[in-house]
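Residues per chain, in single letters:
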Amino acid sequence: MSETSTPYTPASTSTTVAGNETVSLADEIKKYDMAKLIEYLQGQEDLGLSEMAIKILEEEEIDGRAFLKMTEQRFRDYGMKGGPAVKLVEFAKECKDKKLRAFSSYRSLKVMV
């Protein structure tokens, strides 16, 4: 009997810490509809997205799940300038790596550092 009887799946981006699930920021972004994604991206001051870049996200109906799968070339194909395309793709990669802890893991801490 083979030890690899189940199909290979990549390591999950979520882990369990002291019984509380830790999820990636990407897991949260996947849930965003187009309007919520755009609102979130506009709140990221370091992205500095132009109205044109926001309009492309709206016209192409990019929601959270689609955003995380975007490539620089796909943004460019939609008519986005190179700068915003690079920034958005890099930001999506950062979101995939960034972990969020469940709120319950913070409640018992007296001081959050």
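Residues numbered from 1 in each chain as written. Predicted model: local features only at pLDDT ≥ 70, side-chain atom pairs only at ≥ 80, totals over all residues. Heavy atoms only, no water.

Caption draft 1: Up close: the overall build of the protein. Within the protein, the secondary structure is distributed over seven helices and three strands. Sequence-distant contacts, at least 24 apart, represent 60% of the contacts inside the protein between residues at least 6 apart. Summing over all exposed atoms, the protein offers an accessible surface of approximately 8,200 Å²; the carbon and sulfur share of this is 50%. (Helix = DSSP H or I, 4+ residues; strand = E, 2+ residues; numbered from the N terminus. Contact = heavy atoms within 4.5 Å. Areas by Shrake-Rupley, 256 points an atom, 1.4 Å probe, with all protein chains shown as cover.)

Caption draft 2: Up close: the packing of helix H2 (residues 34-42) against helix H3 (residues 51-59). Put simply, H2 and H3 touch, their axes get as near as 10 Å, and they point 160° apart. As far as their axial angle goes, H3 and H2 are roughly antiparallel. Our pair here, H2 against H3, has a crossing hand that is right-handed. For the pair H2 and H3, contact is made by Met34, Ile38, Leu41 and Gln42 and by Glu51, Ile54, Leu57 and Glu58, respectively. (Axes fitted to C-alpha atoms, helices over the stretch in contact; angles between N-to-C directions. Parallel < 35°, antiparallel > 145°, perpendicular 65-115°, else oblique. Left-handed = near helix turned anticlockwise from the far one by under 90°.)

Caption draft 3: Summary view of the packing of aromatic side chains. Tallied over the entire structure, the rule returns two aromatic pairs. When the ring of Tyr32 is compared with that of Tyr40, the centres are 5.7 Å apart and the planes differ by 65°; the resulting orientation is edge-to-face. Both rings, one in Tyr40 and one in Phe91, keep their centres 6.1 Å apart while their planes meet at 40°; by these two values the pair is tilted. Highlighted residues: Tyr40 in helix H2 and Phe91 in helix H6 (residues 82-97), separated in sequence by 51 residues. (Phe/Tyr/Trp six-rings, centres within 6.5 Å; stacked < 30°, edge-to-face > 60°.)

Caption draft 4: Region of interest: the nonpolar core. If you look at the biggest cluster of nonpolar residues, it comprises 25 residues, and the most contacted ones within it are Ile29, Leu41, Phe67, Phe75 and Leu88. With six residues, H6 is the largest single contributor of residues to this core. What Leu88 contacts, discounting residues up to four positions off in sequence, is Leu41, Leu47, Leu49, Phe67, Phe75 and Met80. (Core = buried A, V, L, I, M, F, W, Y, C linked by side-chain atoms within 4.5 Å. Buried < 20%, exposed > 50% of the residue type's maximum accessible area, 1.4 Å probe, protein only.)

Caption draft 5: Structural context of unusual backbone geometry. Its identity is not glycine, yet Glu61 carries a phi of approximately 55°, on the positive side. Tracing the backbone through its elements, the reader meets Glu61 in the loop between H3 and helix H4 (64-69). You can call Glu61 exposed: its relative accessible area is 62%.

Caption draft 6: Quick peek at H6. A rise of 1.5 Å per residue sets the reference length of H6, with its 16 residues, at 22 Å; its end C-alpha atoms lie 23 Å apart and thus fit the reference within 8%. Of all the residues in H6, the buried ones are Gly82, Pro84, Ala85, Leu88, Val89, Phe91, Ala92 and Cys95. (Expected span 1.5 Å × (residues − 1).)

Caption draft 7: Main features of a negative patch on the surface. Together, Glu45, Asp46, Glu94 and Asp97 give the surface a local cluster of negative charge. Mapping Asp46 onto the fold places it in the loop between H2 and H3. For Asp46, a relative accessible area of 62% gives the class exposed. (Patch = residues over 30% accessible without salt bridge, like charges linked within 9 Å, V, L, I, M, F, W, Y side chains within 5 Å. Salt bridge = Lys/Arg side-chain N within 4 Å of Asp/Glu carboxyl O. Lys, Arg positive; Asp, Glu negative; His and termini not counted. Charge placed at Lys NZ, Arg CZ, Asp CG, Glu CD.)

Caption draft 8: Quick look at a positive patch on the surface. Among the surface-exposed residues, Lys30, Arg65, Lys69 and Lys96 lie close enough to one another that they form a single positively charged patch. Turning to its location among the elements, Lys69 is positioned in helix H4. In this structure Lys69 comes out as exposed when scored by relative accessible area, which is 58%.

Nothing here speaks to function; it is geometry throughout.
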